[in-house]
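Coordinates in review
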Amino acid sequence: MSLAPRAVLVHRTTEYEELVARHGTHGQAAFFLASRGRDMAEIAERHRRTRRALAEVTSAVPLAWRQARVERADLDRFLFAPEDVVVVVGQDGLVANVAKYLDGQPVIGIDTDPGRNPGVLVRHRPEQAPVLLASVGATATGADELTMVEAVADDTQRLVALNEIYLGTAGHQTARYRLGLEGDGGVVEAQASSGVLVGTGTGATGWLRSVWQERGARLPLPAPSEDRLLWFVREAWPSPATGTSLVAGELTASAALTLTVESDRLIAFGDGIETDALELTWGQTVRVGACARRLRLVG
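Conventions we followed
- Residues numbered from 1 in each chain as written.
- Predicted model: local features only at pLDDT ≥ 70, side-chain atom pairs only at ≥ 80, totals over all residues.
- Heavy atoms only, no water.
- Helix = DSSP H or I, 4+ residues; strand = E, 2+ residues; numbered from the N terminus.
- Rg over C-alpha atoms; globule rule 2.2 N^0.38 Å.
- Contact = heavy atoms within 4.5 Å.
- Areas by Shrake-Rupley, 256 points an atom, 1.4 Å probe, with all protein chains shown as cover.
- Lys, Arg positive; Asp, Glu negative; His and termini not counted.
- Charge placed at Lys NZ, Arg CZ, Asp CG, Glu CD.
- Phe/Tyr/Trp six-rings, centres within 6.5 Å; stacked < 30°, edge-to-face > 60°.
- Buried < 20%, exposed > 50% of the residue type's maximum accessible area, 1.4 Å probe, protein only.
- Expected span 1.5 Å × (residues − 1).
- Axes fitted to C-alpha atoms, helices over the stretch in contact; angles between N-to-C directions.
- Parallel < 35°, antiparallel > 145°, perpendicular 65-115°, else oblique.
- Nonpolar A, V, L, I, M, F, W, Y, C, P; charged D, E, K, R; others polar.
- Pairing = 2+ DSSP bridges.
- Polar contact = N/O pair within 3.5 Å; in protein donor to acceptor, adjacent residues only side chain to side chain.

An unreviewed UniProt entry lists the protein under the name Inorganic polyphosphate kinase, with Streptomyces sp. 900105755 as the source organism.

Take a look at the structure:
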C-alpha cells in the first residue's frame, strides 16, 4: 500500500519576524528602524504578503495528502521522504537552500513577492498552487532537470549545491593549494588566491555571472539544464612559487577540477551557506564536478 504524497512547505523567517525577535515588540522594532531613517511599514507589508501566501498554499494541499512545514534554519535536520512534493514559499535562494537535501523529489517554487524577486526558481504565484499540486501529484512529470555541482573530498566528505561551490578560506586570508584538471595530462599549478568558484547554469544568474562579467570571459554561460560547469580562480597571485595560468575554464559532465590543500585550513561551501561547509586540512584533495543528481523544478 503506497503512502499518499506529503506536501513539505519550505519557508524562512521574515525580516519583520527577525526584527521583532531581536527588539521584543513591534513598537521597539519600528523605533529602531526610524532612528536609522527606515520605515517599518514596508517590512511589515512584505511579512503579511509572505504569511498570506503561505496560508493560501497550505489551503491548496489536497485533503488526502499529508503536510509538513520546515523553516530554512532546520533544513539540515529535516528528513525528506521519496513521496514528498516540496513547495518552496519565498525567494529564489530558498530553492537553492533546499536543493542539496533532495534526491529526485519535485519542487514547486512559489513567489511571495513578485517584482522584488527575480522569479528564476520561484516561478509561480500562490493562486496557482491548487493546479500545480494536483498536476504533480497525478503525473510527477513536467519538471525541469537542473544541473547541480558537487565537491567530494578524499576522506569521503561530500557537498552538493545548485548554484555554485566556493573553495577557499573562511575569512579574507589567502588560500594556498595546487589546482589541476582531470584528464589534462597531469598539469597541476600551485596557486595563491582568494579562492575558486565552480558554478552551474542556475548559478549563472547570480555569483557566477558577476565573476564571469567582471572577468570579461569568452566562455558562454551554461543553461540551467546543461551538463556543463564554469570555474574561476578569484584574484590569483603570481609569485616565484605560485602561478596564474589556470584561472578559468569549463567542465563537461565527465570532467572535474581537483584541488589539493596547501594551507592549514580551507573550506568548501555551497550556495552561500558557510555554516554547512566541508573542512579541509593540509594535504587533502577535493574533486569538484557535475553531480549525478538533478533538481526537479516544476516549470
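1. Here's the deal with the overall build of the protein
From N to C terminus, the protein includes six helices and 16 strands. On C-alpha atoms alone, the protein measures out to a radius of gyration of 21 Å, which is about the 19 Å that the 2.2 N^0.38 rule sets for 299 residues. Considered along the principal axes of its C-alpha atoms, the protein spans approximately 65 × 60 × 35 Å. Restricting the contact set of the protein to residue pairs at least 6 apart, pairs at least 24 apart contribute 66%. With an accessible surface of roughly 14300 Å², the protein has 52% of that area assigned to carbon and sulfur atoms. The centroid of the 31 positive side-chain charges in the protein is displaced by 4 Å from the centroid of its 37 negative side-chain charges.

2. A few points about the packing of aromatic side chains
Using the criterion set out here, one finds three aromatic pairs in the structure. Measuring from ring centre to ring centre gives 5.3 Å for Y166 and F269, while their planes differ by 45°; the resulting arrangement is tilted. You can see Y166 sitting in strand 7 (residues 164–168) and its partner F269 sitting in strand 14 (residues 265–270), a full 103 residues away along the chain. For Y166, a relative accessible area of 5% corresponds to the buried category. An aromatic cluster is present here, built from Y166, W207 and F269 joined pairwise through their rings.

3. Focus: helix 3 (residues 40–60)
For helix 3, which comprises 21 residues, the first-to-last C-alpha distance of 31 Å matches the rise-based estimate of 30 Å (1.5 Å per residue) to within 8%. For helix 3, every residue scored as buried is listed here: M40, I43, A44, R46, H47, T50, A53, L54, V57, T58 and A60.

4. Structural notes on the packing of helix 1 (residues 15–23) against helix 2 (residues 26–34)
Remark: helix 1 packs on helix 2, axes separated minimally by 8 Å, with the N-to-C direction vectors making an angle of 100°. Our classification of the angle between helix 1 and helix 2 gives roughly perpendicular. Between helix 1 and helix 2, the contacting residues are Y16, L19, V20 and H23 on the first element and H26, Q28, A29, F32 and L33 on the second. Residues that form the contact of helix 1 with helix 2 fall into these classes: six nonpolar, three polar and no charged.

5. A word on the sheet that holds strand 7
Taken in spatial order, the six strands make up an open sheet running 12-11-10-7-14-15, and their pairing is antiparallel. What marks the edges here is a single partner per strand, and that holds for strand 12 (248–252) and strand 15 (277–281). The average undirected angle you get between the axes of adjacent strands in this sheet is 15°. Where strand 7 meets strand 10 (residues 196–199), four bridges bridge the pair, whose relative direction is antiparallel. Bridging from a neighbouring strand, E164 pairs with G199 of strand 10.

6. Here we look at the environment of I267
Tracing the backbone through its elements, the reader meets I267 in strand 14. In this structure I267 comes out as buried when scored by relative accessible area, which is 3%. The contact partners of I267, leaving out residues within four places of it in the chain, are Y166, L167, G168, T169, A170, E274, A277, L278, E279 and L280.

7. Some thoughts on the side chain of D84
By the element assignment, D84 lies in strand 3 (residues 84–90). Here A81 takes part through its backbone nitrogen, which lies 2.7 Å from a polar atom of the side chain of D84. In contact with D84, other than residues within four places in its own chain, are R6, V8, Q105 and P106.

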